[in-house]
Amino acid sequence: MTKLDQIRAAEAKLLLSTYERNPILFVGGEGVHIVDENGTSYLDLLSGIGVNALGYNHPVIEEAIARQSRALIHTSNLFYHEGQAELALRLTECTGLDRVFFANTGTEAWEGALKLARAYAGLKRTEGVNIGTKFLALEQSFHGRTFGSVSTTYKAKYREPFGPVVPGVEFVRFNDVADLRAKFSNEVCAILVEAIQGEGGVRPLTQQFFAEARSLATSTGALLIVDEIQAGMGRTGKWCAYQHYGIQPDVTTLAKPLAGGIPLGAMLCTEEAARAIHAGMHGTTFGGGPLACAVAIAVIDHIEKENLMAHATEVGDYFQQQLRSLAARHNAIVDVRGKGLMLAAELDSADLAKLTVSEMLKRHILINCTSDTVLRFLPPYILERAHVDTAIAALDEIFTEHANAVGTAQTPTQILGDPNHG
């Protein structure tokens, strides 16, 4: 048995069946490439699902880990260490918000945001404000796997196996201003959005919808909470995707690329919303530990020093242009969208999307498919145009082969009956 075979056999016996893994054993990486046990290098356009902002084996991250691990890896949040206030200052400057709660993951940060919204509404009721406990979330939203997070996640396949989930959540049609207005009332304590939906298919909010959500929340004292777990920390060319809209939330959540691969999440809020939380109401054992904070500070400083958000914008624009050129040559691509290095190409077939991911893997390029038909690209911020060209050439080849195979399979009658033929 190969080492991969041994690991697969052990996992089949010992792990819960939560993932359908690809049969590849990765052992290392460098830059935008990850390397398997045979020394084969793969161009990673997924970056660990949006995590490895600086790619693999980056010296800035290595140095921060080595330096901090020699000093202090963990201490409980009952005491102080040097990293939290320093990182919190950077994050408040990045987001325009005032206070931070550090968590382990994105879903834990989102749980903190939901708890804060309920607590703030409770505080407002003691001050004479008529406000309820309901959440408005969006169709196709994805906010995580824990109970509160999955309760505000749209797709039934994530929620129904664990029902009953947390009550008091209603879903609004995506970018439907009229539906948002109809479902909003003073029973709502928070409107929950992603500025650009990630798992939902890399779908941006419209300016009108986002502005209306802000206006409605302000009108009653409800909170506008924006999930930036996938889109945040520079991926779209700004620290937060909501900054492209000129709209400021009351609460936001960050994770994925925050510490460049070390687990860390953060929930940020305004000074006003922070009034609802006092000592003992919420907490975490590992969130905001010395090691994670040190790495996150190093990542943020490097992004700023190397102007990587401008780079993400430039290379992302080029990537999007090349995808649009590809779409002009292949009818299978029905839409191209996204911002910076958070991009998607939507196909006309779920089977083709699945096939494309598999064929890209055979060509040693990592992407994934979300919402059945959407090819998603979340590469490291250090991606270059040459890497984009490699990916586009591979996609072009795959779509051409697919089109030829479909054409060959058609009968003469089918071809003549196709109004798009010729």
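Scoring rules and cut-offs
Residues numbered from 1 in each chain as written. Predicted model: local features only at pLDDT ≥ 70, side-chain atom pairs only at ≥ 80, totals over all residues. Heavy atoms only, no water. Helix = DSSP H or I, 4+ residues; strand = E, 2+ residues; numbered from the N terminus. Polar contact = N/O pair within 3.5 Å; in protein donor to acceptor, adjacent residues only side chain to side chain. Pairing = 2+ DSSP bridges. Axes fitted to C-alpha atoms, helices over the stretch in contact; angles between N-to-C directions. Contact = heavy atoms within 4.5 Å. Salt bridge = Lys/Arg side-chain N within 4 Å of Asp/Glu carboxyl O. Buried < 20%, exposed > 50% of the residue type's maximum accessible area, 1.4 Å probe, protein only. Phe/Tyr/Trp six-rings, centres within 6.5 Å; stacked < 30°, edge-to-face > 60°.

With respect to the side chain of Glu 359
Here is step 1 of the chain: Within the secondary structure, Glu 359 is located in helix H13 (residues 350–362).
Here is step 2 of the chain: For Glu 359, the side chain forms a polar contact with the side chain of Lys 362, separated by 3.0 Å.

Quick notes on the sheet that holds strand S13 (residues 333–339)
Here is step 1 of the chain: Spatial strand order, S13-S14-S17-S16: four strands in an open sheet with antiparallel pairing. Single-partner strands in this sheet number two, and they are S13 and strand S16 (368–370). For this sheet, the mean inter-axis angle between neighbouring strands, taken without regard to orientation, is 30°.
Here is step 2 of the chain: One ladder, built from six bridges, connects S13 with strand S14 (residues 342–347); its direction is antiparallel. Note on S14: the bridge partner recorded for Lys 339 is Met 342.
Here is step 3 of the chain: Running over the sheet, helix H12 (residues 308–329) touches S13, S14 and strand S17 (374–377) and is turned about 175° from S13.

Focus: the pattern of salt bridges
Here is step 1 of the chain: Inspection of every chain in the model, using the stated rule, returns 21 salt bridges.
Here is step 2 of the chain: The partner of Glu 212 in a salt bridge is Arg 181, and the shortest N-O contact between them spans 3.0 Å. Highlighted residues: Glu 212 in helix H9 (residues 207–220) and Arg 181 in helix H8 (residues 177–183), separated in sequence by 31 residues.
Here is step 3 of the chain: The exposure class of Glu 212 is buried, given its relative accessible area of 16%.
Here is step 4 of the chain: Two residues, Glu 272 and Arg 275, come together in a salt bridge whose shortest N-O distance is 2.9 Å.

Observations concerning the packing of aromatic side chains
Here is step 1 of the chain: Enumeration according to the criterion identifies five aromatic pairs in this entry.
Here is step 2 of the chain: With a centroid separation of 5.3 Å and 80° between ring planes, the pair formed by Tyr 154 and Phe 171 is classed as edge-to-face. Separated by 17 residues along the polypeptide, Tyr 154 in the loop between helix H6 (147–151) and helix H7 (156–159) and Phe 171 in strand S6 (residues 169–172) bring together distant segments of the chain.
Here is step 3 of the chain: Of the residues examined, Tyr 154 reaches a relative accessible area of 25% and is grouped as partly exposed.

So yeah, pure geometry; function would need other evidence.
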